[in-house]
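Structural features, examined
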Amino acid sequence: MKLQDYLRFRRIKNKTFAKLLNISPVSLSRYISGERFPEKEILIKIHNLTEGLVSPNDFCLQDEKNYDFNENQEIELKKFHQHILSGSRKHLGKAITLIESSREKDQIISEKLLELFKGNDKSIRIGITGVPGVGKSTFIESFGMKLIRKGFKVAVLAVDPSSRFSGGSILGDKTRMEKLSVNKNAFIRPSPSSGHLGGVAKRTSESILCLEEAGFNIIFVETMGVGQAETEVYDMVDIFLVLLLPAGGDELQGIKKGIIEMADLIIVNKADGELKKSAEITQREYKNAIHIIDKSRISQDIGVVICSSLNQCGFDNVWKYILKFIDIRKKNNDFINERNSQKINRMWGLVDLKVKGFVKNISSRKFVEELLKDVKKNNLSVYRAVKMISNYIIKK
Amino acid sequence: MSKINIKDWINSAEKELKEKKLEELFWETPEGIKVKPLYTEDDIKQLNHEIGLPGLPPYTRGPRATMYANRPWTIRQYAGFSTAEESNKFYKEGLKNGVMGLSVAFDLATHRGYDSDHQRVVADVGNAGVAIDSVEDMNKLFDGIPLEKMSVSMTMNGAVIPVLACFIASGLNQGCPIEKLTGTIQNDILKEFMVRNTFIFPPEPSMRIVADIIEFTSKKMPKFNSISISGYHMQEAGANQVQELAYTLADGKEYLEAALKRGLDIDDFAPRLSFFWSIGMNFFMEIAKMRAARFMWSEIVKKFNPKNSRSLALRTHCQTSGVSLMEQDAYNNIVRTTVEAMAAVLGGTQSLHTNSFDEALALPTNFSARIARNTQLILSEETGITNVIDPLAGSYYLESLTSSMVVEANKLISEIDDVGGMVKAIEMGIPKMRIEESSAKRQAKVDSEEQIIVGVNKYKPTEKQDINILSIDNDKVRKKQISALNELKKSRDNKIVDKYINKVEEVAKGNGNLLEICIEAAKNFCTVGEMTGAMEKVFGRHTLSSKTISGVYGKNVKSNEKISSINTHIQNFIDRKGRRPRMLVVKMGQDGHDRGAKLIATAFADLGFDIDVGPLFQTPDEAAKQAIENDVHIIGVSTLAAGHKTLVPLLIKALKNNDADGIKVICGGVIPPQDYSDLYKLGVSKVFGPGTNIPEAAIEIMDIL
Ligand code: B12
Ligand SMILES: Nc1nc2c(ncn2[C@@H]2O[C@H](COP(=O)(O)OP(=O)(O)OP(=O)(O)O)[C@@H](O)[C@H]2O)c(=O)[nH]1
Ligand SMILES: [Mg+2]
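Residues numbered from 1 in each chain as written. Chains lettered and ligands numbered in written order. Predicted model: local features only at pLDDT ≥ 70, side-chain atom pairs only at ≥ 80, totals over all residues. Heavy atoms only, no water.

The subject of this paragraph is the sheet that holds strand β5 (residues 218-222) of chain A. Within a sheet, adjacent strands bond to each other through the backbone by hydrogen bonds, running parallel or antiparallel. All names here are of chain A. Sheet architecture is open: seven strands sit in the order β4-β2-β5-β1-β6-β7-β8, paired in parallel fashion. Edge positions in the open sheet fall to β4 (186-192) and β8 (303-306), since each of these has one partner strand only. Within the sheet, the average angular offset between the axes of one strand and its neighbour, ignoring direction, is 20°. As judged from the five bridges shared by strand β1 (residues 124-129) and β5, these two strands associate in the parallel manner. Looking at β5, one finds that Arg125 is bridged to Ile219. Sheet strands touched by helix α9 (residues 136-149): β1, β2 (154-160), β4, β5, β6 (239-244) and β7 (265-268). Its angle to β5, the strand with the most contacts, is close to 175°. Each of β6, β7 and β8 is contacted by helix α15 (residues 276-289), which is oriented at about 180° to β8, the strand it contacts most. (Pairing = 2+ DSSP bridges. Helix = DSSP H or I, 4+ residues; strand = E, 2+ residues; numbered from the N terminus. Axes fitted to C-alpha atoms, helices over the stretch in contact; angles between N-to-C directions. Contact = heavy atoms within 4.5 Å.)

Rendered as structure tokens:
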């Protein structure tokens, strides 16, 4: 652990700690900033005084550049935050960019920014999944407009796949929402899946925080029902909606089995025209099958409703269900407990990312390369190599 | 006569070729048809079509027995701009100089059913066609042109009911009885959803409108073509010839069925259906396409058991391809148009439009329009090609090619049949996607210099020519239209207007004939916008949900230094900025030319950009909002219908108002060089005109960023 972090963590003032070390506060701040390297005795003293948490390595290996904020930057950041609070779209847009950025400096700024947020449990975070073409965007468009008319502020996040070959992507195709996109109480932001280490999708929950800070109280996260992202999205929302087509069976739906099991509400969309009948049949089938499903978030049977996003029918039932769902969960504290555990999950997710970052960093180190050679030549077992590398990381 | 032996030829050909292989002389067309270097009588022994005789089923050789030997094709030049008065003058000038039939181009506000005073059309009034708000404008448009004698073709699809109603009302005003009106209404809504983008209502009510018109005209206007089933726009949007052929015939089938469902007899309307092809530079392919189309259509109609053989005959209008014409070295376009016109004529067209050489710059001037017209007059009056009917019939190559086209097109038609017809296929986006693939492939070939365009990617001119262009002061036109509208609304009896508008709404809800009621409404001075509005209340306004393709450009563009330089540029950018360069590609106003925008979007994504795609018909404010929310680095405006002078300043203002002038703006599309400096003064970073090489543009954009 860095000395500075330790002092913050233990809430020890620099001055106090300097006294304990018997050095001047100025010298201490030089050690902290990395301008100077402490003598051996001092290093040992620090090690002892910090319960062994701050070791000599924490001083010399400056892998992460230290973007310490000066006063001006702190002020800038506060202003930035104020802009977000006052509803500036530009700053909200930029904040999400910072969160998604692969640049270390941006990461640090975004973390500082997020630290200023007060958090908000008045919002409802809604995940939406379903196969391509089931009508997710149309649903969000019509349902979102309805909520805006009720006085809500609606934001939509979506992750578009980046090309594996070029890394570029087409954005916004999946989130074509014509009325919503021009409404001043709506904010739509598609993001490319490439970019940040581990995928921008991993950063969506931070983007949600930004939107909430800017006063958006309904957050939709659109995702496709075919890939991996569903579990990730499930873990960042309060309620997870699965949209289905009016057709029988999961196989016909082309949707993964596990996904139905994550549903907090099943919506059969396109219940209009010729499809209305078969939508009703599908609804009945799923209602019957629902008892078998392990309900994860709510103790009652999960709802199965039909709607037509095109004709804007059936939304009252959807909204009633969502409100009831949230209400029950708020009353028994499940709502806040889950948000907290999501927060912890997010933290572990970030730890995971950090570790992966480390691993990626050291994989080009000389000694690792030599290790690899030895492993290939059978001079060294895989397991010993693992031990050596992890020891190295732990020491750092 | 000695019997030929193909082996003898192969031997001597191989001798001439020396090291080269004979296979290297084979050519694969963009349609995937393998063309051999030599055709012989063996190639026409087994054909998939019947050749027959002109004027007789299956009409492969032409719908009339005597074709041009008796009467040449009709020279019909598509035109319209500014106000009705201005266009009227232009028509009269043409008619004095060899034009034989009129063809009206409406402005985009009219196309989309908006009156000139609507807020969404500030940049569209009178710009890319003539502004028509009511029967009064229609009266001015045909002032001094007797509709009893003049055949008038009208390119109108979205607002087809109100506009045709105004036309009929205007004819009646002139004293021409309704049954004497001659001409064509395009009325082909399916290809609007596919490529032309001037739809208004969703597909279902739109198809009802088509049927209403076929029904009305078949009963009351026997000399009027109720529909012009158009492949033209598909080829212009990027379709190859097989796609153009197949999708057009598939559209035709859909219209046949819609009319039959109305209870009409096939012989009541089939003879009044007409077609419309684009004729590009692939000379023989175009001729083969026209002949294959006539054969295939007769086969299609035959299944409905017509008694009148005229029901089987395909009559067509043709236009030379606009997209083959270039901004660079623009006089070359005269030559291209001549070649294309010749193909149209040898293919047996009934009427023809030839483009002007300034096609890629602006609407034609009097001078460029004259050359375009004369191109046809020279072909018809100086060359002697009119004297023999269908002179290419029996050509080994041509007949064999025709046969291949029949086979290939039938494959595509089956694909459409399999999903349940064209309306379904369009809903699923199949034809649009296929066409966009072809368009991306072609661009990749042009950018890689595999497909040569003289003066653009080879033999480039060293000096720039200055070309005079027609420039329209659309602000002035709009103000004029608005004041006329205000006048009209003051002078007409608004109670009667309300009564008819309500009736239109009622008929839209029920199942009366919309054209019939709108003729009454038009006579009583209801405007195009009001009639459309009444229908819109019932039908709603359609929005397109189309997806952008990806990977096709990237796969087909040859990697070279340019491409690898883009890669390094982008990598550097990511290191500096923490993400890929992100560009929003926008289409503002009613301009529906989306080929370029779609191409730029898909190609730039394939080159490694993150691309946001705006919807069609955005306002500048909406575009700015999207750019800001998505925090893009740059907005790429694609503009082809002359709206740039109005819309780009508004966009830049909207960005400034939101304190977002950090977002760069570039423009592309049909922008006359005369306008570049104004755009730069406004703060536009760069303008990319027609013929832009995409990898080069990408590098320039990286430099801007
Ligand atoms: C194809 C075409 C059509 C097709 C459009 C199909 C489609 N879905 O796009 C069809 C046949 C449907 C059509 C219809 C009409 N058309 Co038209 N059409 C053309 C044509 C022949 C070619 C345009 C084209 O697609 N070129 C190929 C693409 C790839 O090139 P591009 O768009 O220029 O893009 C390149 C560059 O400009 C640049 N670029 C473009 N955008 C951007 C953006 C960025 C960010 C960047 C970096 C680069 C870039 O890079 C691209 C690659 O090189 C032009 C004339 C011409 N030769 O340019 C007329 C033209 C644009 N049409 C015209 C008109 C008037 C119409 C109509 C309005 C006619 C009418 N009154 O009914 C209709 C209405 C259509 C509508 N809904 O808006 C006029 C416009 C007049 C004007 N500007 O004053 C033109 C100029 C012809 C003319 N001279 O009369 N048209
Ligand atoms: N009939 C009917 N069509 C609908 C309905 N909802 C959506 N559609 C249509 O279904 C198609 C796909 O809708 P989208 O909203 O784009 O679907 P999506 O699930 O967001 O698709 P992706 O983003 O590609 O995964 C569009 O053509 C819609 O018009 C509905 O309720 N009824
Ligand atoms: Mg979607």
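Quick look at the environment of Asp251 of chain B now. All names here are of chain B. With respect to the helices, strands and loops of the structure, Asp251 is situated in helix α10 (residues 241-261). The exposure class assigned to Asp251 is buried, which follows from its relative accessible area of 0%. When the C-alpha atoms of Asp251 and Gly421 are compared, they prove to be 8.5 Å apart, with 170 residues separating the residues in sequence. If sequence neighbours within four positions are ignored, Asp251 has contacts with Asp188, Leu190, Lys191, Met194, Ile229, Met234 and Met422. (Buried < 20%, exposed > 50% of the residue type's maximum accessible area, 1.4 Å probe, protein only.)

Before going further, it helps to examine the coordination of the cobalt atom of ligand 1. Coordination of the cobalt atom of ligand 1 by the protein comes from a single atom, His593 of chain B (NE2), at 2.2 Å. Relative to the assigned elements, His593 of chain B resides in the loop between β12 (582-586) and α24 (595-606). (Donors = N, O, S within 2.8 Å, 3.2 Å for Na, K, Ca; no water.)

The next thing to look at is the site of ligand 1. Residues and elements named next belong to chain B. If you check the shell around ligand 1, you find 45 residues, and the closest are Tyr78, Glu359, Ala362, His593 and Asp594. Here Leu325 contributes a backbone N or O atom positioned 3.3 Å from a nitrogen atom of ligand 1. Interatomic distance of 2.7 Å between a side-chain N/O atom of His593 and a nitrogen atom of ligand 1. Those elements that place two or more of their residues in the shell around ligand 1 are α4 (108-111), α7 (190-196), α9 (232-237), α24, β14 (634-638) and β15 (664-668). Looking at the shell around ligand 1 residue by residue, the class counts come to 24 nonpolar, 15 polar and six charged. (Near = heavy atom within 4 Å. Polar contact = N/O pair within 3.5 Å; in protein donor to acceptor, adjacent residues only side chain to side chain. Nonpolar A, V, L, I, M, F, W, Y, C, P; charged D, E, K, R; others polar.)

Our focus in this paragraph is the packing of aromatic side chains. Given two aromatic rings, one states the distance between the centres and the angle between the planes to describe the pair. Residues and elements named next belong to chain A. Under the definition given, this model contains 26 aromatic pairs over all chains. Where Phe152 meets Trp319, the ring centres are 5.4 Å apart and the plane angle is 80°; that geometry is what we call edge-to-face. Placement of Phe152 in the loop between α9 and β2 and of Trp319 in helix α16 (residues 315-331) is noted, with a sequence separation of 167 residues between them. Exposure remark for Phe152: the relative accessible area of 23% places this residue in the partly exposed category. (Phe/Tyr/Trp six-rings, centres within 6.5 Å; stacked < 30°, edge-to-face > 60°.)

Turning our eyes to something else, we now look at a nonpolar patch on the surface. Together, Ile344, Met347, Trp348, Val351, Val355 and Val359 of chain A line one region of the surface with nonpolar side chains, adding up to about 520 Å² of accessible area. In this structure, Val351 of chain A sits in helix α17 (residues 334-362). (Patch = residues over 30% accessible without salt bridge, like charges linked within 9 Å, V, L, I, M, F, W, Y side chains within 5 Å. Areas by Shrake-Rupley, 256 points an atom, 1.4 Å probe, with all protein chains shown as cover. Salt bridge = Lys/Arg side-chain N within 4 Å of Asp/Glu carboxyl O.)

This brings us to the sheet that holds strand β13 (residues 610-613) of chain B. Reading across from one edge, β3(A)-β13(B)-β12(B)-β14(B)-β15(B)-β16(B) is the order of the six strands in this open sheet, with parallel pairing throughout. Among the strands making up the open sheet, the edge pair consists of β3 (169-171) of chain A together with β16 (686-688) of chain B. In this sheet, adjacent strand axes meet at a mean angle of 25° when their direction is disregarded. Two strands pair when backbone bridges link them, and β15 of chain B and β16 of chain B are joined in this way by three bridges, in the parallel orientation. Note on β16 of chain B: the bridge partner recorded for Gly668 of chain B is Phe688 of chain B. Of the strands in this sheet, β12, β14, β15 and β16 of chain B are in contact with helix α28 (residues 694-704) of chain B, which crosses β16 of chain B at around 170°.

Here we come to the site of ligand 2. The environment of ligand 2 is made up of 19 residues, and the closest members are Lys136, Thr138, Asp272 and Ser309 of chain A together with Lys547 of chain B. In this structure, ligand 2 sits where chains A and B come together, each supplying nearby residues. Between an oxygen atom of ligand 2 and a main-chain N or O atom of Gly133 of chain A, the distance comes to 3.0 Å. Residue Gly135 of chain A places a main-chain N or O atom 3.0 Å away from an oxygen atom belonging to ligand 2. Look at ligand 2: alone it shows 660 Å² of surface, and the protein chains cover 83% of it. Examining the composition of the shell around ligand 2, we find that three residues originate from one element, α9 of chain A, more than from any other.

For the rest of this paragraph, the subject is the confidence of the model for chain A. Here chain A averages 84 in pLDDT, while 89% of its residues score no lower than 70. Mean pLDDT in chain A bottoms out at helix α13 (residues 250-253) of chain A, which sits at 57, and peaks at α9 of chain A, which reaches 95. (pLDDT = per-residue confidence, 0-100.)

Taken together, Lys366, Lys373, Lys376 and Lys377 of chain A make up a surface patch of like positive charges. Note that Lys366 of chain A resides in helix α18 (residues 366-376). (Lys, Arg positive; Asp, Glu negative; His and termini not counted. Charge placed at Lys NZ, Arg CZ, Asp CG, Glu CD.)

All names here are of chain B. Across the 10 residues that make up helix α20 (residues 514-523), a large majority, seven, are buried. Within α20, the full set of buried residues consists of Leu514, Leu515, Ile517, Cys518, Ile519, Ala521 and Ala522. Buried residues belonging to α20 abut α5 (135-141), α6 (160-174), α8 (203-220), α19 (494-509) and α21 (528-539). Between a side-chain oxygen at the N-terminus of α20 and the backbone nitrogen of Leu515 the separation is 2.9 Å; the capping residue is Asn513.

Two packed helices can be described by the angle between their axes and the distance between those axes. Residues and elements named next belong to chain B. As a packed pair, helix α13 (residues 332-346) and helix α14 (residues 366-382) sit with axes 10 Å apart at the nearest point and diverge in direction by 40°. The angle between the axes of α13 and α14 places the two elements in the oblique class. Classified by chirality, the crossing of α14 by α13 is right-handed. Counted together, Ile334, Thr338, Ala341 and Met342 of α13 and Ile371, Thr375 and Leu379 of α14 form the full contact between these two elements. The residue inventory of the contact of α13 with α14, partitioned by class, reads five nonpolar, two polar and no charged. (Parallel < 35°, antiparallel > 145°, perpendicular 65-115°, else oblique. Left-handed = near helix turned anticlockwise from the far one by under 90°.)

On to the domain arrangement of chain A. Residue and element names in this part refer to chain A. Along its sequence, chain A is organised into domain 1 (3-60), domain 2 (71-114), domain 3 (124-338) and domain 4 (346-395). Taken together, the 15 residues of domain 2 in the interface contact 18 residues of domain 3. Of the roughly 1,500 Å² buried between domain 2 and domain 3, counting both surfaces, carbon and sulfur atoms make up 62%. Contact with domain 3 buries surface across domain 2, with Arg89, Leu92 and Glu100 losing the most and accounting together for 39% of the total. On the surface where domain 2 and domain 3 come into contact, there are one salt bridge. When the shortest N-O distance is used, the salt bridge between Glu100 and Arg189 registers 3.7 Å. If you look at where domain 2 meets domain 3, you find seven residue pairs in polar contact (both at pLDDT 80 or more). Elements with a minimum of two residues in the side of domain 2 that touches domain 3: α6 (71-85), α7 (89-100) and α8 (104-116). (Domains from an automatic or database assignment. Buried area = accessible area lost by both parts, 1.4 Å probe.)

What follows deals with the interface of chain B and chain A. By a widespread convention, an interface's size corresponds to the accessible area lost as its parts come together. On the chain A side, the residues contacting the 36 residues of chain B number 31 residues. Both sides together, the interface formed by chain B and chain A hides about 2,600 Å², and carbon and sulfur atoms give 45% of it. In terms of surface lost to chain A, no three residues of chain B exceed Lys625, Glu629 and Asp631 of chain B, which account for 22% of the buried area on that side. Across the chain B-chain A interface, the total number found is three salt bridges. Between Glu629 of chain B and Arg89 of chain A there is a salt bridge; the shortest N-O distance is 2.5 Å. Every element with two or more residues in the side of chain B that touches chain A is listed here: α23 (561-577), α24, β13 and α25 (620-629) of chain B. A class-by-class count of the residues in the side of chain B that touches chain A yields 12 nonpolar, nine polar and 15 charged. Here β3 of chain A pairs with β13 of chain B via three bridges, running parallel. Across the sheet, Leu171 of chain A pairs through a bridge with Asp612 of chain B, a residue of β13 of chain B.

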